[in-house]
Amino acid sequence: FEQSLSDFNLSQFLQVILVGLALTFDAQQIFITVFTDAYPTWHCVDHNVCTPATTDICKLPRSAWDWDGGFKGKSVISEFNLECSSSFLRSLPTSAFYMGSIVGGVFMAMIPDGFLGRKQLLFYTTLAMSLTGISIFFSTSIWSYAFLKFAIGVARSQTGPYAFNLIGERVST
């Protein structure tokens with residue numbers, strides 16, 4: 001086995017790069033939460049009602065302040081009007097994503113390699129992340145958004161192990 005891998009050539013290099021792209025997509029799914037679930041900044045619009053020193057927008061009428069940048073869909077909090085909601089609702093998408101990763105880690109690990117193979121499983125999980133990531137754009141409530149984040153978590157749960165195994169099989173010690 002070691003002797004057959006000793007001559008690392010261009011095709012093996014390209015296979016490693018292509019499989020490594022799945023890890024890049026996996027990392028994107030993990031770190032996108034930093035931007036989509038962040039609490040956006042806001043500013044006073046009506047200075048008769050609020051002052052720049054005002055810190056609690058929940059005590060102000062909605063017409064007295066606006067999100068910085070002027071557009072509503074800057075984050076999940078501004079998109080679904082969660083600025084005054086409980087911390088449970090504001091953290092629900094992130095929690096659903098990581099719960100999906102845990103659930104997917106248990107169930108996806110039970111799929112034997114002989115059933116589909118690591119390449120096909122890596123392809124299908126990456127495809128599932130892509131399709132769910134696109135469909136998340138059309139979510140209309142925090143609950144549908146959280147469900148889709150859960151589905152992305154399930155799909156991405158075994159991307160790392162599949163990719164590391166496939167890369168490890170192509171590179172000698």
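Placed above this text is the structure.
Cut-offs used in this document
- Residues numbered from 1 in each chain as written.
- Predicted model: local features only at pLDDT ≥ 70, side-chain atom pairs only at ≥ 80, totals over all residues.
- Heavy atoms only, no water.
- Patch = residues over 30% accessible without salt bridge, like charges linked within 9 Å, V, L, I, M, F, W, Y side chains within 5 Å.
- Areas by Shrake-Rupley, 256 points an atom, 1.4 Å probe, with all protein chains shown as cover.
- Salt bridge = Lys/Arg side-chain N within 4 Å of Asp/Glu carboxyl O.
- Helix = DSSP H or I, 4+ residues; strand = E, 2+ residues; numbered from the N terminus.
- Buried < 20%, exposed > 50% of the residue type's maximum accessible area, 1.4 Å probe, protein only.
- Phe/Tyr/Trp six-rings, centres within 6.5 Å; stacked < 30°, edge-to-face > 60°.
- Lys NZ or Arg CZ within 6 Å of the ring centre and 35° of its normal.

1. Notes on a nonpolar patch on the surface
- A cluster of nonpolar side chains, F8, L10, F13, L14, I17, L18, L21 and V171, forms an exposed patch at the surface whose accessible area comes to about 770 Å².
- Its place among the elements puts F13 in helix α2 (residues 10-36).
- By relative accessible area, which is 40% here, F13 ends up partly exposed.

2. A word on the packing of aromatic side chains
- This model, assessed by the stated rule, comprises 7 aromatic pairs.
- Between W42 and W65 the ring centres are 6.2 Å apart and the planes differ by 70°, which places this aromatic pair in the edge-to-face class. Linking W42 in strand β1 (residues 42-44) with W65 in strand β2 (residues 65-67), this pair joins segments that are 23 residues apart in sequence. This pair shows no difference in class: W42 is buried, exactly as W65 is.
- Centroid distance F137 to F138: 5.2 Å. Interplanar angle 80°. Geometry classified as edge-to-face.
- Residue classification places F138 among the exposed positions, given a relative accessible area of 59%.
- Through successive ring pairs, a cluster of aromatic residues spans Y39, W42, W65 and W67.
- The residue whose ring lies beneath R62 is W65, and the NZ or CZ to ring-centre distance is 3.9 Å.

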